[in-house]
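Here are the chains, one letter per residue:
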Amino acid sequence: MELHTRDVRRDVRELGALLGDVLESQSSTQSFQTVEDIRTAAIDYRKGDLDSRTELLQVIDGLSPDGESVVARAFTTYFELINLAEERERVRTIREASQAGDLEDGLVATVKSFAGGDADPETVQRVLDDVLIEPTFTAHPTEARRKTVKAKLRSIASRIEEMDERNLTDRERQQLWREVDAEVTSLWQTSQVRGRRPEPQDEARNVQWYLESILFDVVGEVYSEFEDVLAEEYPEVDVPKLFEFRSWAGSDRDGNPFVTPEVTEDTLARQRSVVLEKYSDALKRLSGVLSQDGSRIDVGAEFERSLIADRERLPVVAEETEERYPEEPYRQKLKLMRERIRRIEDVRPDGYAAHHELLEDLEIIDQSLRDNGADVVADEYVSPLMRQVDTFGFTLASLDLRDHRENHTEAVHEALAREGIDYYGRDEDGRVAVLTEAILQDEPLVDLSNREDLSDTADRVLTRFEKLGEWQREYGVGAIDTYCISMTEEPSHVLEVLFLADQAGVVSLPDHCGLDVVPLLETESALNGARRIMGSLFENEAYEQVLAARNGVQEIMLGYSDSNKENGYLAANWDLYKNQRRLAAICDDFDVKMRLFHGRGGSISRGGGPMNEAMLALPNETVTGQIKFTEQGEAIAEKYANPHIAERNLEQMLNAQVRARHEAIQEPEEDVPEAWIDAMDTMAAAARQEYRNLLESEGFVSYFEQATPITVIEDLNLGSRPASRSGERTVEDLRAIPWVFSWTQSRCIITGWYALGTGLQTYLDEGGDRATLREMYDEWPFFRTTLDNASLALARTEFGIAEHYAALADDDLREAFYPRLFEEYERAHDLVLDVIGRESLLKRQWLDESLRRRNPYVDPLNLLQTHLLSQTHRTEDEERTLRLTVKGIAAGMKNTG
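This is a predicted model, so every value here is computed, not measured.

1. Quick notes on the side chain of Arg272
Here comes step 1: Mapping Arg272 onto the fold places it in helix α10 (residues 261-289).
Here comes step 2: For Arg272, a relative accessible area of 8% translates into the label buried.
Here comes step 3: Not counting chain neighbours up to four residues away, the residues in contact with Arg272 comprise Ile344, Glu345, Phe394, Glu474 and Tyr475.

2. A few points about the nonpolar core
Side chains of a nonpolar character, in soluble globular proteins, are inclined to be buried together.
Here comes step 1: Formed by 121 residues in total, the largest nonpolar core has its most connected members in Met683, Tyr703, Trp780 and Phe783.
Here comes step 2: Two domains each put at least three residues into this core: domain 2 (398-625) and domain 3 (674-843).
Here comes step 3: When sequence neighbours within four positions are dropped, the list of residues in contact with Met683 reads Leu570, Gly759, Leu760, Tyr763, Leu773, Met776 and Phe783.
Here comes step 4: One finds Phe226, Leu283, Tyr352 and Ala374 within the second-largest nonpolar core, a separate group that totals 88 residues.

3. A few points about the packing of helix α17 (residues 428-440) against helix α19 (residues 491-503)
Here comes step 1: Following both chains from N to C, one finds α17 and α19 inclined at 25 degrees, their axes separated by 9 Å at the closest point. In terms of their interaxial angle, α17 and α19 are classed as roughly parallel. Taken as a pair, α17 and α19 cross one another with a handedness that is left-handed. Side by side, α17 and α19 meet where Glu428, Arg431, Val432, Leu435, Thr436, Ala438 and Ile439 of the first sit next to Pro491, Ser492, Leu495, Glu496, Leu498, Phe499, Asp502 and Gln503 of the second.

4. Quick look at helix α37 (residues 845-869)
One turn of the α-helix equals 3.6 residues, which is why residues spaced by three or four share an orientation.
Here comes step 1: When the terminal C-alpha atoms of α37 are compared, their 35 Å separation across 25 residues agrees well with the 36 Å that a helix rising 1.5 Å per residue should span.
Here comes step 2: The largest bend along α37 measures about 40 degrees and falls at Asn855, with the proline Pro856 one to four residues further on.
Here comes step 3: Of all the 25 residues making up α37, 20 are buried; the element is thus mostly covered by neighbouring parts of the structure.

5. Thoughts on the confidence of the model for the protein
Here comes step 1: With 94% of its residues at a pLDDT of 70 or more, the protein shows a mean pLDDT of 91.
Here comes step 2: Counted against residues more than four places away or in other chains, residues 603-608, with its pLDDT under 50, gives 33 contacts.
Here comes step 3: Counted against residues more than four places away or in other chains, residues 719-726, with its pLDDT under 50, gives 37 contacts.

6. Brief notes about unusual backbone geometry
Here comes step 1: That bond from Leu509 to Pro510 is cis: its omega, 5 degrees, falls within 30 degrees of zero.
Here comes step 2: When you line up the elements, Pro510 lands in the loop between β5 (507-508) and β6 (512-513).
Here comes step 3: With phi around 60 degrees, Glu327 is a residue other than glycine that occupies positive phi space.
Here comes step 4: Relative to the assigned elements, Glu327 resides in the loop between α12 (315-324) and α13 (329-342).
Here comes step 5: For Arg747, which is not glycine, the phi torsion reads 65 degrees and is therefore positive.
Here comes step 6: Relative to the assigned elements, Arg747 resides in the loop between α31 (736-745) and α32 (756-765).
Here comes step 7: Its relative accessible area of 0% is what places Arg747 among the buried residues.

7. Comments concerning the sheet that holds strand β2 (residues 246-247)
Here comes step 1: Pairing is parallel in the closed barrel, where eight strands are placed in the order β1-β2-β3-β4-β7-β8-β9-β10.
Here comes step 2: For strand β1 (residues 132-137) and strand β10 (residues 626-631), the ladder comprises six bridges, and the chain directions are parallel. In the sheet register, Phe137 faces β10, and the bridge partner there is Glu631.

8. Here we look at the environment of Lys241
Here comes step 1: Looking at the secondary structure, you find Lys241 in the loop between α9 (200-233) and β2.
Here comes step 2: Separated by 628 residues in sequence, Lys241 and Leu869 place their C-alpha atoms 52 Å apart.
Here comes step 3: Among the polar contacts listed, one links the side chain of Lys241 to the side chain of Glu244, at a separation of 2.9 Å.
Here comes step 4: Among the polar contacts listed, one links the side chain of Lys241 to the backbone oxygen of Asp390, at a separation of 3.2 Å.

9. Some details on the packing of aromatic side chains
Here comes step 1: Within this structure, the stated rule accounts for 38 aromatic pairs.
Here comes step 2: Relative to Tyr279, the ring of Phe216 lies with its centre 5.8 Å away and its plane at 50 degrees, an arrangement referred to as tilted. Separated by 63 residues along the polypeptide, Phe216 in helix α9 and Tyr279 in helix α10 bring together distant segments of the chain. You'll find Phe216 and Tyr279 in the same group, each marked buried.
Here comes step 3: Note on Phe700 and Phe817: the rings are 5.4 Å apart at their centroids and 65 degrees apart in plane angle, and the pair reads as edge-to-face. In this pair, Phe700 sits in helix α29 (residues 700-707) while Phe817 sits in helix α36 (residues 811-836), placing the two residues 117 residues apart along the sequence.
Here comes step 4: Overall, Phe700 belongs to the buried group, its relative accessible area being 0%.
Here comes step 5: The buried category is assigned to Phe817, whose relative accessible area is 2%.
Here comes step 6: One aromatic cluster is present, built from ring pairs that chain together Phe137, Phe216, Phe245, Tyr279, Phe392, Phe394 and Tyr640.

10. Some points on α36
Here comes step 1: Across its 26 residues, α36 extends 37 Å between first and last C-alpha, which sits within 8% of the 38 Å expected from 1.5 Å per residue.
Here comes step 2: All of the buried residues in α36 are Leu813, Phe817, Tyr818, Leu821, Glu824, Tyr825, Ala828, Leu831, Val832, Leu833, Val835 and Ile836.
Here comes step 3: Among the residues trailing α36, Gly837 stands out with phi positive, at a value near 70 degrees.

11. Things to note about the pattern of salt bridges
Here comes step 1: Across all of its chains, the model carries 77 salt bridges by this definition.
Here comes step 2: The salt bridge partner of Arg853 is Glu86, with a shortest N-O separation of 2.8 Å. Note that Arg853 is positioned in helix α37 and Glu86 in helix α4 (residues 65-100), a separation of 767 residues in sequence.
Here comes step 3: A relative accessible area of 23% means that Arg853 is categorised as partly exposed.
Here comes step 4: The class of Glu86 is buried, set by a relative accessible area of 7%.

12. Here's the deal with the pairing of strand β3 (residues 398-404)
Here comes step 1: Counted residue by residue, β3 has seven buried out of seven residues, so it is predominantly covered.
Here comes step 2: Across the two faces of β3 the burial is the same, with Ser398, Asp400, Arg402 and His404 and Leu399, Leu401 and Asp403 all buried.
Here comes step 3: As judged from the two bridges shared by β2 and β3, these two strands associate in the parallel manner. Bridge pairing in β3 links Arg246 to Ser398.
Here comes step 4: Note that β3 and strand β4 (residues 482-486) share five bridges and pair parallel.

13. As for the environment of Asp105
Here comes step 1: Along the chain, Asp105 falls in the loop between α4 and α5 (107-116).
Here comes step 2: For the pair Asp105 and Ala816, spaced 711 residues apart in the sequence, the C-alpha separation amounts to 47 Å.
Here comes step 3: In this structure, Asp105 is in contact with Asn612, Arg648, Glu651, Gln652, Asn655 and Arg659, ignoring residues within four places of it in sequence.

14. Some points on the environment of Arg473
Here comes step 1: With respect to the element layout, Arg473 can be found in helix α18 (residues 456-475).
Here comes step 2: For the pair Arg473 and Asp810, spaced 337 residues apart in sequence, the C-alpha to C-alpha distance is 59 Å.

15. Some points on the domain arrangement of the protein
Here comes step 1: Along its sequence, the protein is carved into domain 1 (261-392), domain 2 (398-625) and domain 3 (674-843).
Here comes step 2: The straight-line distance from the C-alpha centre of domain 1 to that of domain 3 is 55 Å.

16. A short note on the state of the cysteines
Here comes step 1: Across all of its chains, the model carries zero disulfides by this definition.
Here comes step 2: Here Cys484 is not cross-linked by a disulfide; its sulfur's nearest cysteine counterpart is in Cys513, at 14 Å.
Here comes step 3: A residue is classified by how much of its surface remains accessible, and Cys484, at 0% relative accessible area, is buried.

The rules behind the values
Residues numbered from 1 in each chain as written. Predicted model: local features only at pLDDT ≥ 70, side-chain atom pairs only at ≥ 80, totals over all residues. Heavy atoms only, no water. Helix = DSSP H or I, 4+ residues; strand = E, 2+ residues; numbered from the N terminus. Buried < 20%, exposed > 50% of the residue type's maximum accessible area, 1.4 Å probe, protein only. Contact = heavy atoms within 4.5 Å. Core = buried A, V, L, I, M, F, W, Y, C linked by side-chain atoms within 4.5 Å. Domains from an automatic or database assignment. Axes fitted to C-alpha atoms, helices over the stretch in contact; angles between N-to-C directions. Parallel < 35°, antiparallel > 145°, perpendicular 65-115°, else oblique. Left-handed = near helix turned anticlockwise from the far one by under 90°. Expected span 1.5 Å × (residues − 1). Bend = angle between axes of the 7 residues up to and from the residue. pLDDT = per-residue confidence, 0-100. Pairing = 2+ DSSP bridges. Polar contact = N/O pair within 3.5 Å; in protein donor to acceptor, adjacent residues only side chain to side chain. Phe/Tyr/Trp six-rings, centres within 6.5 Å; stacked < 30°, edge-to-face > 60°. Salt bridge = Lys/Arg side-chain N within 4 Å of Asp/Glu carboxyl O. Disulfide = S-S within 2.5 Å.

So, in structure tokens, the structure goes:
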């Protein structure tokens, strides 16, 4: 059976041709010809038909400001459309593999891995009971596209999908293509560059869209498929809750002065309203299905009791309902349930107090249907809704609060100073002692509402904690029950947050702790001091009670971005691996269950890469079943904008986590040969030294500023928070996102490979052998994933383009750094290819084809960008075009930071 009528080549060809027609009609034939000359020259050079880019550079150098704008817009729009074509091809691949029954890493493969390993039902049930996957959406500013542009692209994508998957008449197909033409024309006339910086509310709404429009429906489908395939091999195994979604959008205060308590409260209220409306609509649709005649079925005693209770609770509504639906008990019940949902945000009483009450009502309906032989109705209509309620609750996504530890310390110091306690003057042990005593005493020590004469920082922190108590009372503890502490370095940094939460009434030990306090370990000193930090907490009298109240689970966040920026790619990855094992050992020593929170970005440089491979590469000791990780920027759109791809991502995550947990149960401690560990220690130490030498070399920051578009990126309206924490121009102060974004734009992605070659070569020079490295790659998931991800960064690096950015730097800086970067690139390129044993850096053919298709079209944008960056004085139009080249290169690279 043919599932599709198109392929990626046709989509690329036809969308490209349509864009050409739009360009010519909206600009001029001359503009169209100029773009064509640039395009063909770039392709000819890549094919080897031209010896140099001289012809291409001459055309770009001769452009007028208006011509520059047209060229930037043309290539940027091209990539937006080609990304849609490649997304469609991903969907084709998924559907065709699913139809053929050979979808790798899918749910069928998950069950086969159990059956193939002779896992008994008890083991399977234990694995599933342990698993909880928590994707956490952040507002990190790496999404370069405007919401308006994304909406138009989704409209085009839906029409391409319809042409691809439906049998259409010629007239129907022509009509759809006219609609695509109209959208592309409108897209051409729409500004690609934001006129203002997005506000935190905008970012929260963006995250909310993916949750309500895509994931809300997809989750039920994933559960349904998994239950079906599992029942074939393990009919006695129940599928528990496996997914929970969280968000930082609207609540992440670290370095973002615009995330106020008002923003957080608005986010909580809006998310609750959205999810309640989704449930109300679902119950209304269900009412259209459950029209059973009560005189012909026995709904059961439990259903009758539930319906009578609702009638007594809502007598007026019940009377109306009985008149409208006589002898239709399910419809009566559903109408009363909708009224209870409506009253959750109402001043009237008798609304659902928590989502568990709604879930219980749905379970009663589900069982009643099954008792009456309507299993198929329950499976198709009730079970998916039950999964949605269990997953999204009344919150849609639970919020995590986050702030920098320095702000908590300042707030605690000022609050305690009012009580005559000198907090700053105490050493670490003294601070821990005073905080512990205050947490354990019954009465509050400070009044959070009294904020007179406090600094702005202390005022903001105390206000947030006072509000936290109010939010939990209004929206439920689960709506906002996690607090991440950036740059945690000491046990007192965790206890400061616990103390403030205690003063707010969020914590009342030993009976109640409404907060997971999560240290974010991201610096080398914090990671290496993990035993001191966490061990001190686990032995602390107050914190022991916290763990008991939180079911013995300690969440610990690992920062991939800042660790990479501080230590370089290879050393950071090795540090993270070792410290994950160290943290697992610490938690095991204290009989604490660890939940790792992986602060991964979208790019390789910030912990990105295929999520399922990353999960399978984690040390066995760390795979407790629960896992949490950030989803950021353009990675959210790539993974969750299309329902098919979103479902595939969830399936792959589930497959990886289930397999990893099963393996961890069978082999609790990963057996890594000492020779491999010694090799990594040698490579990482050399790589760290080389990377730090680069960053600390005199003039390197100036080279970075001159040879990348960092100054342009800082002015882009990408996100609501600043590009640096304090506004200083240092690598340490600069946020990891613009740091990676800048190198990615210049096609010199040092953040994903610099010093890797030095590390590998040092190991070989000190007596190591290539056979050991190849064995490590073949048999050790950590090392294989590390090299595969670096291979991707190496493949995306183009020194033929990077040299044009280097030419923007002062002569002495260029001579000092460009050859050094190029030499390290060649060393890494050759050694990685030797170890992995492939001719190509990329192991996936489709990715290799994608890069080959994109490179000739990204090159002109890079050359136009360097041309504009070289201008000492730019007009307002040229500045706008320069910003547009950043968007276009990001679309072409399918990556920002």
